[in-house]
Number of protein chains: 2
Amino acid sequence: MDKKIDGTVEKLMLEAIRLAGTVKRRVSPNPRTGALVLRNGEIIGCGYHEKFGGPHAEVNAIRDAGANLEGCEMFVTLEPCCHTGKTPPCTDLIIASGIKKIYVGMEDPNPLVAGRGIIKLRQAGIEVVTNVLSEQCAELNQAFIKMMTQNFPYIIVKSAITLDGYIADEKGQSKWISSPESRKVVHEMRAQADAVLVGVGTALTDDPQLTVRDAEGEHPLRVIYDPEGVLPDRLRMINGANKVPTMIISGPHSTPVWKYNMEQQCVKLIQTEKFGNAGLKDGLKQLGQLGYQTILVEGGGRLQSMLAELSCIDRLEIFSAAKLIGKGIRMMEIPARAMEHSLSFIKSTWKQSGPDMHFTGIINKYNVGNGLNHPVG
Amino acid sequence: MDKKIDGTVEKLMLEAIRLAGTVKRRVSPNPRTGALVLRNGEIIGCGYHEKFGGPHAEVNAIRDAGANLEGCEMFVTLEPCCHTGKTPPCTDLIIASGIKKIYVGMEDPNPLVAGRGIIKLRQAGIEVVTNVLSEQCAELNQAFIKMMTQNFPYIIVKSAITLDGYIADEKGQSKWISSPESRKVVHEMRAQADAVLVGVGTALTDDPQLTVRDAEGEHPLRVIYDPEGVLPDRLRMINGANKVPTMIISGPHSTPVWKYNMEQQCVKLIQTEKFGNAGLKDGLKQLGQLGYQTILVEGGGRLQSMLAELSCIDRLEIFSAAKLIGKGIRMMEIPARAMEHSLSFIKSTWKQSGPDMHFTGIINKYNVGNGLNHPVG
């Protein structure tokens, strides 16, 4: 690949970010990364991390650039790894390649790296420029960074609401508030998420499949929060668990008979020690530790409210439909606030989605680098 | 004005519609109209109705075209009048001008005209083409048409709501849900409306001015629905009624002392014979008969709900803000509906308004013509 880019360091890092973002399938629990190799300011190699366990972006970029990279420069969105995971350390390959200077977007929040990759490169005599567009690089991997720094998965709450603020009618019917166009966007979100979560109420009322049907991509893990262990076999997610992975988070009350029965249906179980909100929090933490970093919550008002009480929602995705139903089931209830102390968002966007309006509101933003975690150089 | 337009009948009528829409100030209770005069397919005169009581669009277009219009053609969005109101009948002028053919957008729903203008033109030997883009022409004058056909004003309900569907917090505080940009749009709406209506609750809680401050244009009439006659002098709308016209709709219970006091403050009064919803309906009807065709409702949930129960809301204007407050006062409550029977809109649009999303939903649409009201020709 020989392509001249007439630009500055920032432009080149933006190109590496763009590359990292082109990956379609989930790479989790790995981060999404992009890398460039340049000779005399000219891009001679591009790479991104394509799939979990596959070669890292740096390896792909170096392979793309070909042999003899003596004196070349590299751009990479995330600090190269210096430990052996599914693949050997990227730092060794970079050092061996002859690259003399490397621009790093952000430090790796993974405690196994956390600045040590940069130190290793410098010790080998490579010039390292750090924190190049670190915020934009961090945006690529919000769930990964949250997991690494807080040991808790990234929680996205999705809701379709009527103009008067209801997510279902009085009988609990929610089919369909939003348009086919919006439902397609939700399927795309599922394909990006590691797991989709609903509560026992939604599982029983809607008997949803929570699979990716209207979009490209693999099904996420389907998770039902069922603290009492009451879900029956007849649900499509349960009796289809042999085809699409399904997991139940249940509490200390669930009986051995019910658990045995669920396992017979190929349902995986997470057992929490605690009840109520604490039980849900524990279950989510266990999900994270199993490698499910991004959880898309498609549950009803009750589950949403529990998550809001736990203050663990990172992003809201709301599809607002041009409909009124007068009365029904409310969206998540947060503790009442006065108007001047309303909960607002770090960043929010509105986007037309067929006849609906799709709102995205960022509640928490995760960043590392800037020498805060680990002193570098 | 000499401007060639290379187009069809529809294109020319669209130009007349565009002209009609350029009027900035209220022309009510007159309709907004536009007219063109053409000689050999070339526009030689343009006109629109600029202000109430001023010359009609046809008169302005003929004046603009100059003398000797023998054999010319005319386009006009609304049937020319044939009665003497504030100005002489347009039909007489058109007949005298020598115009030989006229394209009429829609029949005038005014019972004083209602097809008789068209008949008069035809009787004078002028060729009349009717119903040219009649729906688009009707869109110019929804309030006028509703008033003429239903003897009731056009009701626009405006609301600013949080993402979770509240119009005020638990203490009734609504300042400020929406952004300065949205509030500017509301002031523009006020300048277009004939009257702005709030309930006694909003008047007491917010003590609003309801004037046009962040936009160009004249203040609308300020109307408060106060069925029991309890509003005190101290409110800005009451003690400022000598500067900006203010009216109260009150019921049979209001005392002579209170009424006398209000009139001393220059407040105009509308007295209804009935109570509750019927009283409000009666008050609105009286407002319409006084020439206030477009009523912008800026009241709270209770007033909105009464209007919803009366099924008299024609258009919703909702400013949705990226904020959550958890609990508070709800938007209007309509009778509960199942999801599959949700109230939807004839037409709805979403538009970014600063950080907010501005929703416009048309509930009722008014049209005349197509020979339904009055057989023509």
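Residues numbered from 1 in each chain as written. Chains lettered and ligands numbered in written order. Predicted model: local features only at pLDDT ≥ 70, side-chain atom pairs only at ≥ 80, totals over all residues. Heavy atoms only, no water.

1. A word on the relation of the copies chain A and chain B
Next, step 1: Overlaying chain A on chain B yields an RMSD of 0.1 Å, the required transformation being a rotation through 180° with an accompanying axial translation of 0.1 Å. The symmetry that links the two subunits is that of a two-fold axis. When each C-alpha of chain A is compared by its distance to the rotation axis, G165 of chain A comes out closest, at 2.3 Å.
Next, step 2: Looking at chain A, 100% of its interface residues are interface residues in chain B too, so the copies touch through the same face. (Least-squares fit on C-alpha atoms with pLDDT ≥ 70 in both. Contact = heavy atoms within 4.5 Å.)

2. Examining the pattern of salt bridges
Residue and element names in this part refer to chain A.
Next, step 1: For the structure shown, the criterion picks out 22 salt bridges over all chains.
Next, step 2: K120 serves as the salt-bridge partner of D92, at 2.9 Å between the closest nitrogen and oxygen. With D92 in helix α3 (residues 90-97) and K120 in helix α4 (residues 116-123), this residue pair connects regions lying 28 residues apart in the sequence.
Next, step 3: Taking relative accessible area as the criterion, D92 reaches 38% and is therefore assigned partly exposed.
Next, step 4: Classification of K120 as partly exposed rests on a relative accessible area of 27%.
Next, step 5: Among the charged side chains, a network of salt bridges with common partners joins E135, E139 and K365. (Salt bridge = Lys/Arg side-chain N within 4 Å of Asp/Glu carboxyl O. Helix = DSSP H or I, 4+ residues; strand = E, 2+ residues; numbered from the N terminus. Buried < 20%, exposed > 50% of the residue type's maximum accessible area, 1.4 Å probe, protein only.)

3. What about the nonpolar core?
A general trend in soluble globular proteins is that nonpolar side chains are found buried together.
Next, step 1: By size, the foremost hydrophobic cluster in this structure holds 78 residues, and its most contacted members are L284, L287 and L307 of chain A together with L284 and L307 of chain B.
Next, step 2: When sequence neighbours within four positions are dropped, the list of residues in contact with L307 of chain B reads I155, V157, L280, L284, V297, C312 and I313 of chain B. (Core = buried A, V, L, I, M, F, W, Y, C linked by side-chain atoms within 4.5 Å.)

4. Considerations on the pairing of strand β17 (residues 356-362) of chain A
Residues and elements named next belong to chain A.
Next, step 1: β17 sits mainly inside the fold: seven of its seven residues count as buried.
Next, step 2: Neither face of β17 is exposed, since D356, H358, T360 and I362 on one face and M357, F359 and G361 on the opposite face are all buried.
Next, step 3: Taken together, the six bridges between strand β14 (residues 315-321) and β17 define a ladder with antiparallel strand orientation. The partner of E317 across the bridge, within β17, is T360.
Next, step 4: Inspection of the sheet shows strand β16 (residues 347-353) paired to β17 by seven bridges, in the antiparallel sense. From the neighbouring strand, S353 faces β17, where its bridge partner is D356.
Next, step 5: Linking two consecutive strands that pair antiparallel, namely β16 and β17, is a turn of two residues; a positive phi of about 60° is found at G354 within it. (Pairing = 2+ DSSP bridges.)

5. Observations concerning the domain arrangement of chain A
Residues and elements named next belong to chain A.
Next, step 1: Domain annotation of chain A identifies domain 1 (7-140) and domain 2 (146-362).
Next, step 2: Distance from the C-alpha centre of domain 1 to the C-alpha centre of domain 2: 34 Å.
Next, step 3: At the junction of the two partners, domain 1 supplies eight residues and domain 2 supplies twelve residues.
Next, step 4: Summed over both partners, the interface of domain 1 with domain 2 comes to about 800 Å²; 40% of that surface belongs to carbon and sulfur atoms.
Next, step 5: Looking at the side of domain 1 facing domain 2, the largest losses of area belong to R26, P29 and P109, adding up to 60% of the total buried there. (Domains from an automatic or database assignment. Buried area = accessible area lost by both parts, 1.4 Å probe.)

6. Examining the packing of helix α11 (residues 276-289) of chain A against helix α12 (residues 301-309) of chain A
Residue and element names in this part refer to chain A.
Next, step 1: At a minimum axis distance of 10 Å, the contact between α11 and α12 shows a crossing angle of 85°. Taken as axis vectors, α11 and α12 run roughly perpendicular relative to one another. Taken together, the residues of α12 that come into contact with α11 (itself represented by G276, N277, L280 and L284) are L303, M306, L307 and E309.
Next, step 2: Per-class residue counts for the contact of α11 with α12 are five nonpolar, two polar and one charged. (Axes fitted to C-alpha atoms, helices over the stretch in contact; angles between N-to-C directions. Parallel < 35°, antiparallel > 145°, perpendicular 65-115°, else oblique. Nonpolar A, V, L, I, M, F, W, Y, C, P; charged D, E, K, R; others polar.)

7. Some details on the sheet that holds strand β11 (residues 246-250) of chain B
Residues and elements named next belong to chain B.
Next, step 1: Spatially, nine strands are ordered β12-β11-β10-β9-β13-β7-β14-β17-β16 in an open sheet, and the strand pairing comes out mixed. The open sheet has two edge strands, β12 (268-271) and β16 (347-353), and neither has a second partner. Neighbour-to-neighbour, the strand axes of this sheet turn through a mean angle of 20°, independent of strand direction.
Next, step 2: Sheet topology note: the strand β9 (residues 195-199)/strand β10 (residues 221-225) ladder contains five bridges and is parallel. From the neighbouring strand, G199 faces β10, where its bridge partner is Y225.
Next, step 3: Packing of helix α10 (residues 256-264) onto the sheet brings it into contact with β11 and β12, and relative to β12 it is tilted by some 145°.

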